[in-house]
Amino acid sequence: MKNKIVRSSDELELKDSVISIKRVTKVVKGGKNMSFSALVIVGNGNGIVGFGSGKASEVPIAIKKGIESAKKNLIKVTLHKGTLPHEVVGKFGAGKVLIKPAKEGKGVIAGAALRSVLQVLGVRDAVTKVLGSNNPANIVRATFNGLSNVRSREQVALARGKNLTDI
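Residues numbered from 1 in each chain as written. Predicted model: local features only at pLDDT ≥ 70, side-chain atom pairs only at ≥ 80, totals over all residues. Heavy atoms only, no water.

Engineer: Summarise the environment of lysine 71; cite the residues concerned and give the values.
Structural biologist: Looking at where lysine 71 falls in the secondary structure, it is placed in helix α1 (residues 59-71). C-alpha of lysine 71 to C-alpha of valine 42: the two residues are 29 residues apart in sequence and 7.0 Å apart in space. (Helix = DSSP H or I, 4+ residues; strand = E, 2+ residues; numbered from the N terminus.)

Engineer: Quick rundown of the pairing of strand β1 (residues 15-28)? Include the residues and the values.
Structural biologist: Bridge analysis of β1 against strand β2 (residues 31-43) gives 13 bridges, and the strand direction is antiparallel. The partner of valine 18 across the bridge, within β2, is valine 40. In this antiparallel pair of consecutive strands, β1 and β2, the connection spans two residues. (Pairing = 2+ DSSP bridges.)

Engineer: Outline the sheet that holds strand β8 (residues 126-132), listing residues and values.
Structural biologist: To summarise the sheet geometry, strands pair through backbone hydrogen bonds and adopt either a parallel or an antiparallel arrangement. Ordered in space as β5-β6-β8-β7, the four strands form an open sheet in which the pairing is mixed. Edge positions in the open sheet fall to β5 (88-92) and β7 (108-109), since each of these has one partner strand only. Of the strand pairs in this sheet, β5 and strand β6 (residues 95-101) are connected by five bridges, and their pairing is antiparallel. Its bridge partner being in β6, phenylalanine 92 is matched across the sheet by glycine 95. Against the sheet, helix α2 (residues 112-121) makes contact with β6, β7 and β8, and its axis sits at roughly 140° relative to β8, the strand it touches most. (Contact = heavy atoms within 4.5 Å. Axes fitted to C-alpha atoms, helices over the stretch in contact; angles between N-to-C directions.)

Engineer: Outline the sheet that holds strand β3 (residues 48-56), listing residues and values.
Structural biologist: An order of β1-β2-β3-β4 is seen for the four strands of this open sheet, with the pairing classed as antiparallel. Of all strands in the sheet, those with a lone pairing partner are β1 and β4 (74-76), marking the two edges. Averaged over all adjacent pairs, the angle separating strand axes in this sheet is 15°, with direction ignored. The pairing of β3 with β4 spans three bridges and is antiparallel. Bridge pairing in β4 links valine 49 to isoleucine 75. Sheet contacts for α1: β1, β2, β3 and β4; angle to β3, the most-contacted strand, approximately 145°.

Encoded structure:
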């Protein structure tokens, strides 16, 4: 079940965070063309998050393009008391991400790229593990793969045909 958001990003108060900036070079007949690639995430700190990448000849322009791309790629994730409602595994390429809910006060225990995504999302307590590729782009995409499959308690109860109190 994919958690895509259809609401316009203009009405949201979004914070942005830069995950990585890389200098990339294209070799052409006349020499080398250098540019910058930026991986950016945006979120409102209350269950809405998106990521995007931008590429330009200057860093600020690349970041701006990344933010605009991220605003077009927002998802809504159901949170439960500052953490996720259940354990999540996300995969992308050779990267695999495991995110477990944690007790209140534990904090976000995660690597740099994954921590940034969870903090912008609004998760205060979670334990994570990155398996396989540690490329920041793959980690972010695997995290979004996992987060897009998060289901709320109400969705699970409806799918099972039970009351919320039975779960």
